[in-house]
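Chain by chain, the residues:
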Amino acid sequence: MKLDITKGIQRKGIDVPFEIEDAWGEDHWNGDTISYVRPVSFSGTYMLADETVIVRGVARAVIESPCARCLAPTETSVEAEVSEAFIRDIGQEREADDDQYMYSGHVLELDEAVRTSLLLELPTRILCKEDCRGYCSQCGANLNINECSCQKDLTHRNPFSALASLLNEDEEV
Ligand SMILES: [Zn+2]
Ligand SMILES: [Zn+2]
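Computed from a predicted structure; not experimentally measured.

Examining the overall build of the protein chain
Helices and strands together make up the secondary structure of the protein chain, namely three helices and nine strands. Seen in sequence order, the protein chain has helices and strands lined up from the N terminus as β-α-β-β-β-β-β-β-β-β-α-α. Out of the 173 residues in the protein chain, the part that is buried amounts to 14%. Within the protein chain, residue pairs in contact and separated by at least 24 positions form 58% of the contacts whose partners lie at least 6 positions apart.

Quick notes on the environment of Lys2
Position of Lys2 relative to the elements: it lies in strand 1 (residues 2-4). Lys2 sits in the exposed class, given 11 other C-beta atoms within 10 Å. Placed 108 residues apart in sequence, Lys2 and Leu110 show a C-alpha to C-alpha distance of 5.9 Å. With sequence-adjacent residues up to four places away left out, Lys2 is seen in contact with Val107, Leu108, Glu109 and Leu110.

Observations regarding the pairing of strand 4 (residues 32-36)
Direction of pairing for strand 3 (residues 26-29) relative to strand 4: antiparallel, over a ladder of four bridges. Looking across to strand 4, one finds that Glu26 is bridged to Ser35. Hairpin geometry of strand 3 and strand 4 is characterised by an intervening segment of two residues between the two adjacent antiparallel strands and by a positive phi of about 55° at Asn30. Relative to strand 6 (residues 52-66), strand 4 is paired through two bridges, and the arrangement is antiparallel. Within the sheet, the bridge partner assigned to Ser35 lies in strand 6 and is Glu64.

Parameters and conventions
- Numbering of residues begins from 1 in every chain and follows the order in which that chain's sequence is written.
- For naming, the first written chain is A and the first written ligand is 1, with later ones following in the order written.
- At least 70 in pLDDT is required for a residue's local features to be given in this predicted model, at least 80 for side-chain atom pairs to be given and counted, and no such filter applies to totals for whole chains, interfaces and linings, which use all residues.
- Per the convention used, a helix needs a DSSP run of H or I reaching at least four residues, while a strand needs a run of E reaching at least two, with both numbered from the N terminus.
- Exposure criterion: with C-beta atoms placed from backbone coordinates, a residue whose C-beta has 20 or more other C-beta atoms within 10 Å is buried, one with 12 or fewer is exposed, and one in between is partly exposed.
- We call two residues in contact when the distance between their C-beta atoms, placed using the backbone, is within 7 Å.
- Strands are labelled as partners when DSSP assigns at least two bridges between them.

Now the structure itself:
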């Protein structure tokens, strides 16, 4: 996602509106593979103050990720405010931990700033529906589709399995 700032260079100190879109494909987040279902859009204004470009706008994306319980592909609409300063790279040595965004020439590379803001807006656990029941830990059935009989079996079996584990403990001593 690139922003051409030629207009802003010609008119320093003035807010220049912009609107860009970019198709991003796959990404990684929280250990999951996610994908941007539609092109990511970013619109707002930028302004040049000396050699620094101030970019302010709103980014929008639809992100598909696996449901935290049943792994079904789940779409989430995300909207994030982005407000960042980009400093012109004039080839000076910089601190290793300096995470300032840089630019050179007349083009800003916005991917990192926009991506970071969008992913911060994602909920920590994405569910396909609020009451997703996930998979049975015993038999692996998808409980959204099928009721399994594990829970019933468990209550029947319980007295015996409790006894069995008692016997095992005795043996180990
Ligand atoms: Zn689910
Ligand atoms: Zn089951």
